[in-house]
Amino acid sequence: MRILLIALVVTLTIATTSAFSTQEGQQILALLNDIRGSVSPPHASGGFAPLQWSSDLYANVYNVSAACNDRYMSELAAVGATGENTFFFNSEPTPYELINAIKAPGGSFNYDDISCADGVDCSIYTNVINDQTTQVACNKAYCSANQGWKVVCGYFPAGSFAGVSPYPAQPHASTSKLDVSNINGLLSFHSNKMIQSEPEIEKLSMPKTGNFDWREKGVVGIPEDSIDCADSFAFTATGIYQSRIAMSKGIRTSLSKQQILDCSGSANENYCSGGNLNDALLYVRDNGLMKTTDYPYTGASTLFNHPCKYDESKIVVDGGYVRFSEPTKADILSKCRDQGPLGVAMLGTQDFYDYRGGVFRCNVGQVTATNHSVLLVGYNQDQDYYIVRNNWGTQWGEQGFARISALPNEDCGIGANRAGSVDLN
C-alpha cells in the first residue's frame with residue numbers, strides 16, 4: 001500500500017469541549033454492540049466479539065473533535081491505522097441520536113456487491129460491523145452557532161475499505177445488482193455485418209439529460225481483475241457485450257477475455273502490452289464469445305503459449321451493430337445513454353493506480369496519448385463526472401469503480417477520444 005505524505009496548512013477553529021460522560025460512553029458502547037449483534041446477514045460464526053472502550057482512541061478523537069474544521073482528521077486515521085468518522089449536529093447530541101446517525105447508512109450498504117449507494121458514506125456503518133474491530137471511542141465538542149456540535153468516533157483496527165467485506169456472512173438470498181449468472185444457448189443480435197436475422201430487441205435506455213447510472217438498471221457486472229496483465233481492452237469489450245446480454249435477457253454472465261486474447265488478432269503478440277478495443281468488438285460481432293467457465297482467463301501465465309481454443313458450439317453471444325462515437329464528450333454521453341455502457345480510452349496515471357475514492361482529476365493538462373480502457377457506465381451531470389468500471393478488482397477504487405471528472409484537462413482524455421459501443425438495433 002502506498003502512503004502519500006502531504007503537507008497541509010489549515011486554519012482550525014478550536015471547540016469548547018464537552019465530552020460524553022462516563023455513563024453516556026457506556027451507553028454508546030452498549031448500543032454499538034447491539035448493532036453488531038443485529039446485522040443481516042448474520043456473522044458466519046454466530047456473533048461478534050464485543051467492542052471495548054479505548055482510552056488511547058479516546059485521547060485521539062478528543063483532539064480531533066476539538067478541532068472544528070470539518071476536513072481535519074487524526075494522523076492515525078490519515079495513514080489508515082484507525083477508522084474514523086465525523087458527525088455534525090445542530091444541538092447537543094444524545095447517545096441515541098449518535099447511534100441513529102451511525103445506523104442510517106446501513107440501509108444503503110449492499111453486502112453482496114460490497115457497495116454503497118452513491119453519495120452515502122457507508123464506512124460510518126461498516127466501521128462498526130467490521131469483525132476485526134475490537135476497540136472504539138467517541139467524543140463530542142461544541143464548535144459554534146453556525147457549525148453546532150461535532151462528534152468523532154474512532155475504531156481500531158481499521159478495516160472498512162472499498163471492496164472489503166466487513167465480515168463473513170451466513171448464506172442468504174442475494175440482493176446483488178452486479179453478480180453473474182448462467183446463460184444457455186446462443187443470443188444473436190442484429191449485426192452491421194448483416195448476417196443475423198433475429199427479431200429486434202426492445203432495449204433499455206436512459207433519459208436524454210440529467211444523471212444516469214447503468215448499474216441501477218442491473219446490467220453492469222461486478223468488476224473483474226486482469227491481475228498481472230495490461231489487457232484492459234479485452235475486459236472492456238466483454239463488459240460491453242455482458243451489459244447487452246443483461247439489457248436484452250436480464251442475465252449477467254461472465255464472458256471469456258482469454259478467447260479475445262488468444263484468437264482475435266486484436267492483441268499485440270505480447271498481449272499483456274495492450275491491444276485494440278475496436279478490433280476486439282468486431283471480432284466478437286463476427287465470431288461470438290464463449291463463457292469464462294468454458295474458456296477461463298489465464299492472463300500473463302500463458303503469455304507466449306496461448307493456442308486458440310475457440311469452440312463455435314459453445315458461443316453464447318454474437319452480432320450487434322458495432323458503433324464508434326465522435327471524439328466529443330457530448331456524443332460519448334449520448335451513445336452511452338442510448339446504447340448502454342461503452343468502452344472509453346483514458347490515460348492511466350500513477351495517481352490513478354493509487355485511487356481509493358472520490359472524484360478523480362487527471363491533473364496532467366491536455367492528454368495526447370492513452371494507455372488504458374475502461375467501461376463507461378454512468379454520468380453525474382450535477383457534479384460533472386463520469387462513472388467507470390475498471391478491471392483491477394473490487395478492492396481498487398470504489399468497489400472496482402471510479403468517478404472521474406468530466407471537465408476538459410481533468411478527464412484523462414476520455415472526452416477527446418472515440419468510444420466503442422455495440423447497439424442492439
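Residues numbered from 1 in each chain as written. Predicted model: local features only at pLDDT ≥ 70, side-chain atom pairs only at ≥ 80, totals over all residues. Heavy atoms only, no water.

*Asks:* Which residues make up the state of the cysteines, and what values do they have?
*Replies:* In this structure the tally under the stated criterion is 5 disulfides. Paired by a disulfide, C138 and C153 hold their sulfur atoms 2.1 Å apart. Classification of the bridge connecting C138 and C153 rests on its S-S torsion, roughly 110°, and on that basis the disulfide is right-handed. Placement of C138 in strand 6 (residues 135–144) and of C153 in strand 7 (residues 148–156) is noted, with a sequence separation of 15 residues between them. You'll find C138 and C153 in the same group, each marked buried. (Disulfide = S-S within 2.5 Å. Helix = DSSP H or I, 4+ residues; strand = E, 2+ residues; numbered from the N terminus. Buried < 20%, exposed > 50% of the residue type's maximum accessible area, 1.4 Å probe, protein only.)

*Asks:* So, the environment of C116: which residues are in play, and what are the values?
*Replies:* One can find C116 in strand 5 (residues 115–116). Looking at C116, the relative accessible area reads 24%, which means it is partly exposed. In this view, C116 contacts S108, D121, C122 and Q399; residues no more than four positions away in its chain are not counted. (Contact = heavy atoms within 4.5 Å.)

*Asks:* Help me get a handle on the packing of aromatic side chains, residues and values and all.
*Replies:* Counted by the stated rule, this structure contains 15 aromatic pairs. When the ring of Y58 is compared with that of Y62, the centres are 6.1 Å apart and the planes differ by 50°; the resulting orientation is tilted. Taken together, the residues span about one helical turn, with Y58 and Y62 both in helix 2 (residues 55–66) at a distance of 4 residues. Looking at Y62, the relative accessible area reads 30%, which means it is partly exposed. (Phe/Tyr/Trp six-rings, centres within 6.5 Å; stacked < 30°, edge-to-face > 60°.)

*Asks:* Describe the nonpolar core, naming the residues involved and giving the relevant values.
*Replies:* Formed by 69 residues in total, the largest nonpolar core has its most connected members in L376 and I404. Other than its neighbours up to four places away in sequence, I404 contacts M346, F352, V359, F360, Y385, Y386, V388, E410, D411, C412 and I414. Of all hydrophobic cores here, the second largest spans 29 residues; its members include L32, V39, L51 and I114. (Core = buried A, V, L, I, M, F, W, Y, C linked by side-chain atoms within 4.5 Å.)

*Asks:* How would you explain the packing of helix 1 (residues 22–37) against helix 4 (residues 95–103) if you had to name every residue and give the values?
*Replies:* When two helices pack together, their arrangement is given by the angle between their axes and by how far apart the axes lie. Direction vectors running N to C along helix 1 and helix 4 enclose 30°, while the axes themselves pass 9 Å from each other. With respect to each other, helix 1 and helix 4 are oriented roughly parallel. At the point where helix 1 passes helix 4, the crossing takes the right-handed sense. Within the contact between the two elements, helix 1 uses E24, Q27, I28, L31, L32 and I35 and helix 4 uses P95, Y96, L98, I99, I102 and K103. (Axes fitted to C-alpha atoms, helices over the stretch in contact; angles between N-to-C directions. Parallel < 35°, antiparallel > 145°, perpendicular 65-115°, else oblique. Left-handed = near helix turned anticlockwise from the far one by under 90°.)

*Asks:* So, the pairing of strand 13 (residues 372–380): which residues are in play, and what are the values?
*Replies:* Burial runs high along strand 13: 9 of the 9 residues are buried. By the bridge criterion, 2 bridges tie strand 9 (residues 212–213) to strand 13 in an arrangement that is antiparallel. If you follow D213 over to strand 13, its bridge partner there is G378. Taken together, the 5 bridges between strand 11 (residues 342–346) and strand 13 define a ladder with antiparallel strand orientation. Directly across from G343, in strand 13, lies its bridge partner L375. Across 5 bridges, the pairing between strand 13 and strand 14 (residues 385–389) is antiparallel. (Pairing = 2+ DSSP bridges.)

*Asks:* Give me the lowdown on the environment of N146, citing residues and values where you can.
*Replies:* On the secondary structure map, N146 appears in the loop between strand 6 and strand 7. Here N146 falls in the exposed class, since its relative accessible area comes to 78%. C-alpha separation for the pair N146 and N90, spaced 56 residues apart in sequence, amounts to 8.4 Å.

*Asks:* So, helix 4: which residues are in play, and what are the values?
*Replies:* Within the sequence span of helix 4, burial applies to P95, L98, I99 and I102. Buried residues of helix 4, seen end-on, are gathered within an arc of 100° and therefore sit on one face of the element. Against helix 1, strand 3 (83–89), helix 5 (123–129), strand 6 and strand 7 lie the buried residues of helix 4. (Arc of directions from axis to C-beta.)

*Asks:* Give me the lowdown on the pattern of salt bridges, citing residues and values where you can.
*Replies:* All told, the structure shown has 11 salt bridges when counted by the stated rule. Notably, a salt bridge pairs K140 with E24, separated by 3.7 Å at the nearest N-O pair. Of the two residues, K140 sits in strand 6 while E24 sits in helix 1, which places them 116 residues apart along the sequence. Residue E24 is classed as buried on the basis of its relative accessible area of 19%. Two residues, R215 and D213, come together in a salt bridge whose shortest N-O distance is 2.8 Å. In this structure D213 comes out as buried when scored by relative accessible area, which is 13%. What emerges from the salt-bridge pattern is a single network uniting E24, E92 and K140. (Salt bridge = Lys/Arg side-chain N within 4 Å of Asp/Glu carboxyl O.)

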